[in-house]
Amino acid sequence: MAVEAVIWDFGGVFTTSPFEAFNRYEVEVGAPRDHIRKVNATNPDTNAWALFERNEIDTQGFDELFLKESTALGYPIRGADVLPLISGMVRPRMVEALKLCKQHFKVGCITNNMVTHHSPGSDAPQRPRGAMGEIMPLFDHVIESSKAGVRKPDPRIYQMMCEALSVEPAACVYLDDLGVNCKPAAQLGMRAIKVVDVDQTLAELAEATGLAFPATEPAQ
């Protein structure tokens, strides 16, 4: 089936991965490497991260529950200290790729996020460029877990996007930096691309869509 829509994750796709910031913080405080990722991966449907992304607990609740969970796994870290680490720096070539895709296909964004100002691209270095304000309006439809009450990798959220865009899953390309989120998209019939780096991603996206993406950063 021909491609009709390209569906994107946000953090770790249009911005650098928060995992890099997690690792830097772990070094700073002396926590084991990938400790924060381990906390997030333990009981992934019911832990503090999942509850917060479905807007089932508030910021204080996240702070307290994350501390409890991280302590149980060997090193105490407050949720309030993790939130500022989520934001990343924008990848301009990915934004240009989105703009090109929009000229040819429907485009959507499915993001697991939190009802807090600590969202991808909202940190101080990004505000002059208005990263969120620049990117989000480009999409034909956006689904935020904190508003929808459902989060990836629940298959329902991908189906919701297909319904909103009036496309079949087999006519979609899906991009995400987490394999666990790519898997249900692929199982539904989408062409799933795991985002490892910009060059790899755009090469796979070009193959999937037949478009040619610039190999260099756009002029500022």
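Not measured: the values here are computed from a predicted model.

A.B. asks: It is not clear to me how the environment of Ala31 should be interpreted in this structure. Could you clarify?
C.D. replies: On the secondary structure map, Ala31 appears in the loop between helix H1 (18-29) and helix H2 (35-41). Classification of Ala31 as buried rests on a relative accessible area of 10%. A C-alpha to C-alpha distance of 6.3 Å links Ala31 and Tyr75, two positions 44 residues apart in sequence. Residue contacts for Ala31: discarding those within four places in its chain leaves Glu26, Tyr75 and Ile77.

A.B. asks: What's the story with unusual backbone geometry in this structure? I'm lost.
C.D. replies: Leave glycine aside and you will find that most residues have negative phi; peptide bonds, for their part, are mostly trans. Cis rather than trans, the peptide bond between Lys152 and Pro153 has omega equal to 10 degrees. Tracing the backbone shows Pro153 in the loop between helix H8 (145-148) and helix H9 (155-165). The residue Asp34 is not glycine, and still its phi comes out positive at about 65 degrees. The residue Asp34 is located in the loop between H1 and H2 in this model. Despite not being glycine, Ser166 shows a phi value in the positive range, around 60 degrees. Among the structural elements, Ser166 can be located in the loop between H9 and strand E4 (172-176).

A.B. asks: Looking at this model, I keep getting lost on the nonpolar core. Mind explaining?
C.D. replies: The nonpolar side chains of soluble globular proteins are, as a tendency, buried together. Counting 29 residues, the largest nonpolar core has Trp8, Phe14, Cys101, Phe139 and Leu205 as its most contacted members. Elements represented by at least two residues in this core include exactly strand E1 (5-8), helix H6 (92-104), strand E2 (106-111), E4 and helix H11 (198-209). Counting 20 residues, the second largest nonpolar core, distinct from the first, contains Ala31, Ile36, Phe62 and Met114.

A.B. asks: Can you walk me through H9 in this structure?
C.D. replies: Since the α-helix turns once every 3.6 residues, residues separated by three or four places project in the same direction. Ile157, Tyr158, Met161, Cys162 and Leu165 are the residues of H9 that are buried. When H9 is viewed along its axis, its buried side chains cluster within an angular range of 145 degrees and face the same direction. Taken together, the buried residues of H9 touch E1, E2, strand E3 (141-144), E4 and helix H10 (179-187).

A.B. asks: Please explain the sheet that holds E1 as it appears in this structure.
C.D. replies: The strands that make up a sheet are held in pairs by hydrogen bonds between backbone atoms, and each pair lies either parallel or antiparallel. If you trace the five strands from one edge of the open sheet to the other, you get E3-E2-E1-E4-E5, paired in parallel fashion. Looking at the sheet topology across the chains shown, the edges are occupied by E3 and strand E5 (191-194). Each adjacent strand pair in this sheet contributes to an overall mean axis angle of 15 degrees, direction not counted. Here E4 pairs with E5 via four bridges, running parallel. Paired with Leu175 across the bridge in E5 is Ile193. Taken strand by strand, H11 contacts E1, E4 and E5, and its axis lies near 165 degrees from that of E5.

So, how was this worked out
- Residues numbered from 1 in each chain as written.
- Predicted model: local features only at pLDDT ≥ 70, side-chain atom pairs only at ≥ 80, totals over all residues.
- Heavy atoms only, no water.
- Helix = DSSP H or I, 4+ residues; strand = E, 2+ residues; numbered from the N terminus.
- Buried < 20%, exposed > 50% of the residue type's maximum accessible area, 1.4 Å probe, protein only.
- Contact = heavy atoms within 4.5 Å.
- Core = buried A, V, L, I, M, F, W, Y, C linked by side-chain atoms within 4.5 Å.
- Arc of directions from axis to C-beta.
- Pairing = 2+ DSSP bridges.
- Axes fitted to C-alpha atoms, helices over the stretch in contact; angles between N-to-C directions.

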